[in-house]
Amino acid sequence: MKQEYLKYIRDNVFPTAFCPGCGHGILLNAFVSALGELDYDQDNLVLVSGIGCGGWIASPHMNTDTLHTTHGRAIPFAIGVKLANPKLKVVVISGDGDLTTIGGNHLIHAARRRIPITVICGNNNIYGMTGGQASATTPVGAKTMTTPLGNDYRPFDLVKLVKGAGGEHVYRYTAFHAMQMKKAFKDVLQKDDFSFFDILTGCPVQYGRRNELREPAKMIQWMKDNSVLYSGEYHDDKIMVGKF
Amino acid sequence: MGYKVIIRENWCKGCYICLSVCPKNVFEKAGLLDDRGIIVSKAVRPENCIGCQMCADHCPDLAITVEKEDE
Amino acid sequence: MPIEKKKTHLKAGKYFMQGDEACAEGAVAAGCTFFAGYPITPASEIMETIVRRFEEEKRVFVQMEDEIASMGAIVGASWTGAKSMTATSGPGFSLKMENLGYAIMTETPCVVVDVQRVGPSTGQATRTAQGDLMQARWGTHGEHTIIALSPWSVEEAFYETVRAFNLAEEFRTPVIILMEEATGHLRETVAVREAIEIFNRVEEGNGAPFGGEEPLDAVPPMPRFGTGHRLLVTGSTHDPHGYRKTQDRVTQERLLSHLQQKIEYHKERIVQWEEYELDDAETVLISFGFAARAALKAVKDARKKGIKAGLMRLKTVWPMPTERFETLAAQAKTLIVPEMNFGQLRGEVQRFTGGKKVIGVNRADGEVITPESILRAVEGGTSL
Ligand SMILES: Cc1ncc(C[n+]2csc(CCOP(=O)(O)OP(=O)(O)O)c2C)c(N)n1
Ligand code: SF4
Ligand code: SF4
């Protein structure tokens, strides 16, 4: 993090409330760096979030207008902001439980309508804040507080979900792909379109400790080893990353 | 020309992601707990740094700045 | 000055319209520029009228995917400086509750209309009721105060909607308009005045954007998004600058006190009611909304029979004019509350009568309450 980019954060709230090694912090880092590299107008940017650790990425860390809403409902609030003042750049940053589980309906409708907002899902495959329950993105077999013997149900593939609903400018990266993520953030920050990011952030504490990925460095390595850059062929057994 | 690797130690939570992503083995765990009870990361071999920014970009706590050393 | 005299979009004169339409026209007149809705009987005609007017006036209408989203969208819009509104009926009103609480907590002005129908659940969509009086007050969780207005005629649907926006802007709070299906679908004459008074929120000023600083009853300025204030808006307990303080007892206490005092300490600007023939009344009726129309007829009929009856009609249902309940209870020999539910207002009145029993005249079968049933109670019969 360059010294001059610190103007985009509220340094009085640092260190963050996140656990050590929380991937949401890497997402925060990439977003702040993207703003910094663009010398982005932080007073024309509204960051909207829901409830959960993912909802804290922007609020209070980011030094912009922030709207920290109710659980699952960030997108409707963001739509209200954007439609009422189309000049503002509106970005939603929140968790997978928030955006895709309780709030999944709002996500598909925003994608369908292609409302010109950016939605970034800090997807750690679990409900982190409430102690590690399964979400709509928890993989089959993964252990969580509510699936101690392994999750029985198929997760959403968020890229396919959002594209299937009609969304364009759809990306996926993991916390390992900090630099690619930053570059993609820069791309969408300069546009006024709908865009969606599935960012696999990783929750070492609530997800990792139950699934042999307790060490943050190990989680990052696992992400690196299991992801493949998308170039036309989609492999369901891999973490496909890139633009879709 | 070298690089300065600055760690805002009061922001570091000791996750050691920087240790693992650095290709040049610049970092080590500090020897002692600090007053928050954290063993922070230290840039003990800054002379090896190639300025790739892997650590700075992956630090979840925005604690690392890598800058070109003034001439 | 936050108060402005403004010409209405309608030429001054008499109009024949539906209650729902009048509510929408009132919103347009009040300067509402953002409406988010979801279809539901018997409130859809509000949305329909808004769509037509907003197209002419280039304001923003959006049909959302549900009522939760509609409520969220109007809060988001309000933070850009817009006067915003949504309208619904029972099932949708229930869905709005969590985000209504968010609007209270974040001090976001907006207007929420509930055209009441029979419940619970889907009930009878086209039938009238007054079953949401307590839901308007306590539907969202946690200790809070709210403003709710209850028009009793189509003309009042127009003017009380204007007042709802003004109160929302002045006190930075959501304001609920509790109508009944009976008023929403009624056609009556509305006399539109040349100009109306409009209150616009104070955006810039000294001090932090949220309450909790002394004096606790003061309404803080509300800057809008995109003007460099870098606002922190959150439904979590927050200090006056918006920083989350989720463990701090003092911040919670001060914030709650502020949210309560800014309304309760200024009741004289909010609470309105009308009195009919109360001066010498021995039988006092207290009612609201559509039921009050029947109550007034009953009072007139009773007077013809020589019974000293009078009516207090609430225009503001929350907060309630409880001091007046007390003086009326002292004056009255008999207290009667007619309403289209099983006694939600009666229970409130009963708390302020010093033990004097309040008789209820109740109806909740989807039909409007009749003057005859109320007159029977006035004449000493029992309640239905
Ligand atoms: C309506 C409602 N239901 C439940 C909760 C409790 N709750 C708080 S955070 C959370 C889960 C958040 O999970 P996610 O969005 O995945 O974020 P994470 O903490 O994993 O980053 C839940 C269920 C709530 N705040 N509101
Ligand atoms: S619980 Fe998980 S998601 Fe929440 S801060 Fe900790 S590591 Fe991050
Ligand atoms: S990545 Fe950051 S927080 Fe983690 S050990 Fe290194 S400097 Fe500390």
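Parameters at a glance
- Residues numbered from 1 in each chain as written.
- Chains lettered and ligands numbered in written order.
- Predicted model: local features only at pLDDT ≥ 70, side-chain atom pairs only at ≥ 80, totals over all residues.
- Heavy atoms only, no water.
- Helix = DSSP H or I, 4+ residues; strand = E, 2+ residues; numbered from the N terminus.
- Contact = heavy atoms within 4.5 Å.
- Lys, Arg positive; Asp, Glu negative; His and termini not counted.
- Charge placed at Lys NZ, Arg CZ, Asp CG, Glu CD.
- Pairing = 2+ DSSP bridges.
- Axes fitted to C-alpha atoms, helices over the stretch in contact; angles between N-to-C directions.
- Buried area = accessible area lost by both parts, 1.4 Å probe.
- Salt bridge = Lys/Arg side-chain N within 4 Å of Asp/Glu carboxyl O.
- Polar contact = N/O pair within 3.5 Å; in protein donor to acceptor, adjacent residues only side chain to side chain.
- Nonpolar A, V, L, I, M, F, W, Y, C, P; charged D, E, K, R; others polar.

Caption draft 1: Inspection of the overall build of chain B at higher detail. From N to C terminus, chain B includes two helices and four strands. Going residue by residue from the N terminus, the α and β elements of chain B occur as β-α-β-β-α-β. When its C-alpha atoms are laid out on the principal axes, chain B stretches across 35 × 20 × 20 Å. Taking contacts inside chain B between residues at least 6 apart in sequence as the whole, the part at least 24 apart equals 60%. Positive and negative side-chain charges of chain B, numbering 9 and 11 respectively, have mean locations separated by a distance of 4 Å.

Caption draft 2: Examining the sheet that holds strand β17 (residues 334-339) of chain C more closely. Residues and elements named next belong to chain C. Pairing within the open sheet is mixed, and its five strands lie in the order β13-β15-β14-β17-β18. Only two strands of the sheet have a single partner each, and these edge strands are β13 (273-276) and β18 (358-362). Averaged over all adjacent pairs, the angle separating strand axes in this sheet is 20°, with direction ignored. One ladder, built from three bridges, connects strand β14 (residues 283-288) with β17; its direction is parallel. Residue pairing in the sheet places Thr-283 in a bridge with Thr-334 of β17. Lying on the sheet, helix α10 (residues 289-304) is in contact with β13, β14, β15 (309-314) and β17; it crosses β15 at an angle near 165°. Contacts between helix α11 (residues 322-331) and the sheet are confined to β13, β14, β15 and β17, with β15 contributing the most and set at about 170° to the helix.

Caption draft 3: Looking closely at the interface of chain B and chain A. With 23 residues of chain B at the interface, the matching set in chain A holds 29 residues. In total, chain B and chain A occlude about 2,000 Å² of area from one another, counting both sides; carbon and sulfur atoms represent 62% of this. Joining chain B to chain A, the criterion identifies one salt bridge. The shortest N-O distance in the salt bridge between Lys-182 of chain A and Asp-57 of chain B comes to 3.2 Å. Put simply, chain B and chain A have 13 residue pairs in polar contact (both at pLDDT 80 or more) between them. At the level of secondary structure, the elements contributing two or more residues to the side of chain B that touches chain A comprise α1 (17-21), α2 (54-58) and β4 (64-68) of chain B. Looking at which element gives the most residues to the side of chain B that touches chain A, the answer is α2 of chain B, with four residues. Of the residues contributing to the side of chain B that touches chain A, the split by class is twelve nonpolar, five polar and six charged.

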